[in-house]
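# What the coordinates show
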Amino acid sequence: MKKLLTTSALCVAMPLAAVAADKPEALKIGMTTFLTGPASVFGVPARDAMNIFVENLNAEGGINGVPIEVTYIDEGAGAEALTSEYRRVAQTEGAEVMLASISSGNCQTLAPLAEDLKVPNLMWDCGTQRIFEEDSYDYVFRPQGNATSEMLAAVAYLLKTHPDFKTIAVVNQDYAWGRDSWDIFHTALEVMKPDVEVVGEFFPKFGAPDFSTEISRLQALRPDVVLSTSWGGDLDTFVQQAFQRGLMNTSTFVLPLAESSLERLGSSLPAGHIVGARGDHYFLHPERRDDPDFKGFMEQYKEATGDIPVYSVFHASQAFSALKTAYEKAIADNGVDWPDEEQLLAALDGLKFQGLGRALHLREDHQGVESQLMGTSAQTGEYPFATLENIMIFDGEGLLPPVGETSIDWIKGLDASFADGLSVETYEN
């Protein structure tokens, strides 16, 4: 298997006249990520992983002899500071490429700014499906899936593993992600299992410290399924309090973002609940875990941080791989020592690349096609936290609307056969 992320620097034979005078001393990259605030549970691991990727590649000579330098911008500083720093790094510091962002709101702000600044931007983590459904961009690419593929994989897994459930309730954070992800999930249920009854919709305030009201209502309603697309501290607190109150013994929880909470939740996430990974992101990936390069990175990351990698680490790996692959492709395709902007953008169109999970590619609308891993929590005792069993990995192609169609309109045209028609590989453990 081709070595992951740390492939030796590309050497292109060419006459002396073809060696570009503009070959930089370093490839400067700007990356926005949460270094402070609640979302730092994703942002800091991604930064730590990026540092490892860059260090490994630079030790091997960089990209065609050019080392990489990364400037990090804290998304936790707020929208105004983020926009200002993004401009400064792209214009004053001369970053050739920007990686932005974690927050979907920030992606919606920075995508048009990247277009105005004419700087290639890889949306390395944000989930909103709206970016390429509501506009088109020349300079903006997403090397991962989006909320539509993530939610449809969760719906499909639920229908395959619990086909007889009758009632569902939702507990989501009260902001755009919580509302939009429920809209996708609910719309899919309406067409794929129209007899399901929604018995409760709860949208507690973002950062809520107490979910006793919602849990009491859920205990009275006794839904077969409880969905929560919440993340970080909100998800941790909700699951811990639901576990303590016994709610997880009476309802099956569907938690599409819980892969990033497994280590923090420890024994508070009992067996039998559905966990998603925002892609095929899992430190025990059933197709990759025995690959020497995958294992090597897992060990390197654990040694550097003391933690297991979460999905933002995988997203960072995909962005880094897409960046490296695009530069190498542009150099090879054009027979140059270093590509210009036009050549780099051409290389990104339709790019095929691979991070820590399965291979991905970019569609003509610049949306990444990414496989989705879902599993069921198990407390095996091998780790002091839940791991996953009955894993399914869904091919990403069938989880996205065709180019030019919006997710909700496309989903409304689906039917009960959708889940059975998906391409999926199943792994018992």
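Up top is the structure these notes are about.
This report concerns the structure included in the present document. (Residues numbered from 1 in each chain as written. Predicted model: local features only at pLDDT ≥ 70, side-chain atom pairs only at ≥ 80, totals over all residues. Heavy atoms only, no water.)

### Quick word on the nonpolar core
In this structure, F185, L269, F297 and F394 are the most contacted members of the largest nonpolar core, which totals 120 residues. A total of 12 residues in this core trace back to one element, the largest contributor, which is helix α11 (residues 311-334). Among all residues touching F394, those that are not within four sequence positions of it are A153, A156, Y157, K160, R358, S371, Q372, M374, L399, L422, S423 and V424. Listed in part, the 21 residues of the second largest apolar core include A114, V119, I131 and F132. (Core = buried A, V, L, I, M, F, W, Y, C linked by side-chain atoms within 4.5 Å. Buried < 20%, exposed > 50% of the residue type's maximum accessible area, 1.4 Å probe, protein only. Helix = DSSP H or I, 4+ residues; strand = E, 2+ residues; numbered from the N terminus. Contact = heavy atoms within 4.5 Å.)

### Here we look at the state of the cysteines
Throughout this description, disulfide means a covalent bond between two cysteine sulfur atoms. Inspection of every chain in the model, using the stated rule, returns 1 disulfide. Disulfide pairing places C107 opposite C126 at an S-S distance of 2.1 Å. With the S-S dihedral at roughly -95°, the linkage between C107 and C126 falls on the left-handed side. Of this pair, C107 sits in helix α3 (residues 104-117) while C126 sits in the loop between β4 (121-122) and α4 (130-134), and the two are 19 residues apart along the sequence. Taking relative accessible area as the criterion, C107 reaches 1% and is therefore assigned buried. A relative accessible area of 0% means that C126 is categorised as buried. (Disulfide = S-S within 2.5 Å.)

### A closer look at the sheet that holds strand β13 (residues 368-369)
Taken in spatial order, the 3 strands make up an open sheet running β11-β12-β13, and their pairing is antiparallel. Every other strand in the sheet has two partners, leaving β11 (352-354) and β13 as the edge strands with one partner each. Most of the contacts of α11 go to β11, to which it runs at about 135°, and overall it touches β11 and β12 (359-362). (Pairing = 2+ DSSP bridges. Axes fitted to C-alpha atoms, helices over the stretch in contact; angles between N-to-C directions.)

### As for the environment of S149
Summarising the element assignment, S149 is placed in helix α5 (residues 147-161). Distance from S149 to R278, taken between C-alpha atoms, is 8.6 Å for residues 129 residues apart in sequence. Contacts of S149, omitting those with residues within four sequence positions, involve Q372, L399 and L400. Side-chain polar atoms of S149 contact the backbone oxygen of N146, separated by 2.9 Å. (Polar contact = N/O pair within 3.5 Å; in protein donor to acceptor, adjacent residues only side chain to side chain.)

### Details of the pattern of salt bridges
Counted by the stated rule, this structure contains 18 salt bridges. R88 is paired through a salt bridge with E85; the nearest N and O atoms lie 2.8 Å apart. Residue R88 and its partner E85 are both found in helix α2 (residues 79-92); the two are separated by 3 residues, about one turn of the helix. For E85, a relative accessible area of 27% translates into the label partly exposed. Its salt-bridge partner being R288, residue D291 comes within 3.6 Å of it at the nearest N-O pair. The pair formed by D291 and R288 is uniform in burial state, with each residue classed as buried. Among the charged side chains, a salt-bridge network with shared partners connects E85, R88 and E93. (Salt bridge = Lys/Arg side-chain N within 4 Å of Asp/Glu carboxyl O.)

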